[in-house]
Amino acid sequence: MKQGRTRAATVAVALVVAMLAAGCSSSGSDGASTPSSTTGGRAGVAPRAKATGQYATDLGLKVDPGEKTAKATFEVQPGTEEVTVLGGKPKQRFSLIDAGGNRLVVLKADRFGQVHFSYLPTKLAEFQTGARTKLPTSDGFPVAAGDGYTVRSEDTSPVQASKAFHVLGRDDNPKPSFFDAEKGKLGPTGDETSWFGYETMRDGVQLSINVRLPGPPDKGPYPTVVEYSGYGPANPNAQEPGSMIAGLLGYATIGVNMRGTGCSGGVFDVFNTAQQVDGYDMIEGLARQPWVKDHKVGMVGLSYSGITQLYVAATQPPHLAAVTSLSVIKDPWLEQWPGGVYNGGFTKSWLEERDRESSATGTSWVGERIAAGDDTCKANQELREQNIDFESFGRSLVRRPLQDDDRDLSKLVDRIKVPVYLTGAWQDEQTGPQFADMLGRFTNAPVKRFTMFNGRHPDGYTPLVLTRWYEFLEFFVDKKVPRLSDGIRSAAPAVLRDSFGDVDGLDFEPDRFTKFRDDQYAEALAAYEKEPDVRVLFDVGGAPGTKPGSPVATFDKSYSSWPPSETKAQDFYLTPAGVLGTAGAPVATGGEQFANDPSAAPVDFCKTECGLLDPTWDFDWTNYGKGNGLEYVTKPFTKDTVLGGPGYADLFVQVPDGDADVQVTLSLIRPDGTEWKVTTGELRLSDRKVDASRSKGLLIERTYSKADARAMPKGSYAEAKVAFPSFAQAFRKGDRLRVAISSPGRDFAAWTFTGIGKAGTPRIIGFGQDHPSKIVLGVLPGISKVPAIDTACPSLRGQACRPYTPTPNTPSP
């Protein structure tokens, strides 16, 4: 049995890798970050005016309290910050009324006689729903939790009105008895080891689930993990990578499709509150099943199913054991608008794909289940008519709405009270590196293990970090001393090579707790918990003696926090003639300029296509043309220096047209003349106001709100701090730091942008005593000597490279 399981494990690892190739792309079954679909405004405030034009209504703002109404023949299903109405007729008008008798919005039913209230405009409006609903405005707010709501059918005579009902809020959790009633109901009908079913949420919506056990149910209980997303985790004919790997390591795995996706009921939204509290209900119901060890479950997944873990954990399900979030985001809005600049690349295509796949029978496996007789799945497809076009909606949110806070993970993770394992790449081509700037906010997680590295989106599933993922699950879900079998160790590299290519580093780390016996779990756990929280891996792909692109780190460093508390700020001043100096601002005041270049916005650095699992990429990392950018380069470092953490470019900028998008890229120039990209920050200058309440040290935070937006002054400079997301990069003696300032574009694999402003319009950057523009970066502590490295171009995972070509700057008039 052990040999058979080893062979199965190695084959499945290969399948996992193959799935990653499709699963992390915008069109696959795993993915990346998404922008928020929340709207601005204050929840619970009734409209004080009526919309005009296309969305005008003849109905009044308030209902007549003396009007006689009939009993409703339609069905109302209140949920968490949303209300669904069923049983109407096509184009029938339904109004949502608050406890004060105010009409909040009027919706016309789709072809199935349904409407779904989730977003309320600030002005009373009336619009048709169905066939990918288009919201009439992005100025509004979600349905607020509270009592006394009613729904009226406005086209019947007399008017029909529902009974008053309560709309649930985030913390309106069911009593334990609700979940106790699920005990034994989510199991097999016989001695099956895998089965498909449905789990009921607090509002009656049923989520599709698929369970796989490592053995017969009566031979359990088994350590259990859940993978939760809007892809196909409940697909009985396929398995998500995290679940597959966990299953081969002896875990029971449960794939759950979010509401509005797959065979699940409900309306799809992007990380809304209903999806978050579904996670609470899902965990509590599943943990009560007799085949779940200790009646606690963990969570696994990368990207979409990595992100959802954090939302679920923030709802604090009592029976959640731990989460293992790989390749995650920080704030959904910021994914679509990094620095306030529209991301027209990966995020746009990912949202478009979510819109398509969450439509009725949007994935093939759903159609197959319906064809096989799954009537529940079939019935759940009708409500897909109420799904919103989230790509266009997110694109309309040029300013970050206040209600996005409900989906901003950096403002939710302090609620997490279970152990957290989290990994991510500084150069993640899909979700980006912003995740690392929220690591200091996991203030209530009892155990934290954060691993960061240069690399790419799927690298959380390489042996580089996967071994410690397994350790973490063993400690906090299975509660055993972690030991990886010799069979898997010996067989996995050959199989992994078939997918990752002819690279080194496909061996798992040796077991680290061999001095502890199996019955010394508590002692091993205590030793584990004494380890530092943060582990940083450097120069992955360029380790001496390994093939280029191999998932092997040249060296690593551990810290108790991120950014490390002993990090020291280093100023690099912009000076004339393209020099980046450390001796303070130059005495003379002046400026240099570059021309706005919107044509760069849609350009990436992949020559053809950057294959997700290719060991190295074929780069076409182009430089801006003469006059379209500025560069500043330091003298060679006189000693090894490791820069890292968040940072910023403190620029004094002048533009004649009121606003501009600016990109600042950091790169490293080796003594051999090869330039390597490190990181990039963007900023729409009208969003330059810093949120002082959340900014700390080198971390710059912003509200990006309409209220804080400011046009650039005409004819004078304004200070703008362009934030760099966290990174960690070793600069060896003889290396140089380059800073390039330009319009956005060219410096990413999958993020492209939509430019603003007229081509050729000057953007002036000041320097000197009056306008002391500078780059402010952290020097990481505890690393005085860096191992030597001789890297080919390409080799470092995720980092673009090219021969360095100096480009002269243009003085401003």
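Colleague: Explanation requested: the sheet that holds strand 6 (residues 115-117) in the structure shown.
Modeller: By way of backbone hydrogen bonds, the strands of a sheet pair with one another, either parallel or antiparallel. Spatial strand order, 2-3-6: 3 strands in an open sheet with antiparallel pairing. Single-partner strands in this sheet number two, and they are strand 2 (75-78) and strand 6. Strand-to-strand twist of the sheet, defined as the mean angle between neighbouring strand axes without regard to direction, takes the value 15 degrees. Relative to strand 3 (residues 83-86), strand 2 runs antiparallel, the two being bridged by 4 bridges. What sits directly across from Q77, in strand 3, is T84.

Colleague: Is there a simple way to think about the packing of aromatic side chains in this case?
Modeller: The geometry of two aromatic rings is summed up by the distance between their centres and the angle between their planes. Evaluation of the coordinates by the stated rule reveals 34 aromatic pairs. Ring plane angle 80 degrees and centroid distance 6.4 Å describe the contact between Y231 and W350, whose orientation is recorded as edge-to-face. Placement of the pair is Y231 in the loop between strand 15 (222-229) and helix 3 (241-248) and W350 in helix 7 (residues 346-357), with a sequence separation of 119 residues. With relative accessibility at 0%, the residue W350 sits in the buried group. Taking 5.2 Å as the distance between ring centres and 40 degrees as the angle between the ring planes, the aromatic pair formed by W333 and Y704 counts as tilted. With W333 in helix 6 (residues 332-336) and Y704 in the loop between strand 29 (674-684) and strand 30 (718-731), this pair connects stretches of sequence that are 371 residues apart. Since its relative accessible area comes to 11%, Y704 is described here as buried. In textbook terms, an aromatic cluster arises when at least three aromatic residues are bridged by ring pairs, as seen for Y421, F472, F475, F476, F513, F516, Y521 and Y528.

Colleague: What's the story with the side chain of Q799 in this structure? I'm lost.
Modeller: Within the element layout of this structure, Q799 appears in the loop between strand 33 (774-779) and strand 34 (801-803). For Q799, the side chain forms a polar contact with the side chain of Q729, separated by 3.1 Å. If near-sequence neighbours (up to four positions away) are discounted, Q799 is found in contact with Q427, N454, F619, W676, K677, V678 and Q729.

Colleague: Help me out: how do you make sense of helix 13 (residues 521-529) in this one?
Modeller: In an α-helix, one turn spans 3.6 residues; hence positions three or four apart end up facing the same way. Those residues of helix 13 that fall on the buried side of the exposure criterion are Y521, A524, L525 and Y528. Around the axis of helix 13, the buried residues are gathered within 100 degrees of arc, so they sit on the same side. In this fold, the buried residues of helix 13 make contact with strand 20 (448-453) and helix 11 (463-478).

Colleague: Is there a simple way to explain the pairing of strand 28 (residues 661-669) in this structure?
Modeller: The two faces of a sheet get side chains in turn, since along a regular strand they alternate between them. With 9 of its 9 residues buried, strand 28 lies for the most part within the structure. Side chains D661, Q663, T665, S667 and I669 project from strand 28 onto one buried face, and the interleaved V662, V664, L666 and L668 project onto a second face that is buried too. When strand 28 meets strand 29, the two strands line up antiparallel, connected through 9 bridges. Considered in strand 29, the bridge of V662 is made with L683. Once strand 28 ends, the chain turns through 4 residues before running back antiparallel as strand 29, passing G673 with a positive phi of about 90 degrees.

Colleague: Is there a simple way to think about the environment of W333 in this case?
Modeller: The buried category is assigned to W333, whose relative accessible area is 1%. For the pair W333 and R407, spaced 74 residues apart in sequence, the C-alpha to C-alpha distance is 8.6 Å. Side-chain polar atoms of W333 contact the backbone oxygen of L397, separated by 2.9 Å.

Colleague: Just to check I follow, could you spell out unusual backbone geometry for this structure?
Modeller: Comment: phi is negative for the bulk of residues other than glycine, and the bulk of peptide bonds are trans. Backbone torsion omega between S157 and P158 reads -5 degrees, so that peptide bond is classified as cis. Among the secondary structure elements, P158 is positioned in the loop between strand 10 (146-153) and strand 11 (160-161). Between C793 and the following residue, P794, the backbone shows a cis peptide bond with an omega angle of 5 degrees. Of note, P794 is situated in the loop between strand 33 and strand 34. A positive phi angle is found at D539, which is not glycine, with a value near 50 degrees. Tracing the sequence through the fold places D539 in the loop between strand 21 (534-538) and strand 22 (555-559). Positive phi, close to 55 degrees, is recorded for Y704, a residue that is not glycine.

Colleague: Looking at this model, I keep getting lost on the side chain of E126. Mind explaining?
Modeller: Tracing the sequence through the fold places E126 in strand 8 (residues 126-128). Each residue touching E126, except ones within four places of it in the same chain, is listed here: Q54, Y55, A56, T57, D58, R93, V106 and K108.

Colleague: Help me understand the nonpolar core in this model?
Modeller: The nonpolar side chains of soluble globular proteins are, as a tendency, buried together. Ranked by size, the top nonpolar core spans 84 residues in total, and within it V226, V256, M299, I416, L422, F442 and W562 carry the most contacts. The element best represented in this core is helix 5 (residues 304-314), accounting for 7 residues. Non-local contacts of M299, meaning those with residues more than four positions away in its chain, are made with V225, V226, Y228, M282, I283, Q309, V312, L320, A322, V323 and T324. Listed in part, the 46 residues of the second largest apolar core include C610, Y632, V662 and V678.

Colleague: Looking at this structure, how should I read the pattern of salt bridges?
Modeller: Oppositely charged side chains may form a pair once their charged atoms are brought near each other. The tally for this structure, following the rule as stated, stands at 52 salt bridges. The partner of R152 in a salt bridge is E67, with the nearest N and O atoms 2.8 Å apart. Pair noted here: R152 is in strand 10 and E67 is in the loop between helix 1 (2-23) and strand 1 (70-71), with a separation of 85 residues, a long-range link. A salt bridge links D597 to R746, with the shortest nitrogen-to-oxygen separation between them at 3.4 Å. Residue D597 is located in the loop between strand 25 (590-595) and strand 26 (629-633), and its partner R746 is located in the loop between strand 31 (736-742) and strand 32 (762-767); the two are separated by 149 residues in the primary sequence. Via salt bridges that share partners, D331, R400, D404, D405, D408 and K411 belong to a single interconnected network.

Reading the values: the criteria
- Residues numbered from 1 in each chain as written.
- Predicted model: local features only at pLDDT ≥ 70, side-chain atom pairs only at ≥ 80, totals over all residues.
- Heavy atoms only, no water.
- Pairing = 2+ DSSP bridges.
- Helix = DSSP H or I, 4+ residues; strand = E, 2+ residues; numbered from the N terminus.
- Axes fitted to C-alpha atoms, helices over the stretch in contact; angles between N-to-C directions.
- Phe/Tyr/Trp six-rings, centres within 6.5 Å; stacked < 30°, edge-to-face > 60°.
- Buried < 20%, exposed > 50% of the residue type's maximum accessible area, 1.4 Å probe, protein only.
- Polar contact = N/O pair within 3.5 Å; in protein donor to acceptor, adjacent residues only side chain to side chain.
- Contact = heavy atoms within 4.5 Å.
- Arc of directions from axis to C-beta.
- Core = buried A, V, L, I, M, F, W, Y, C linked by side-chain atoms within 4.5 Å.
- Salt bridge = Lys/Arg side-chain N within 4 Å of Asp/Glu carboxyl O.

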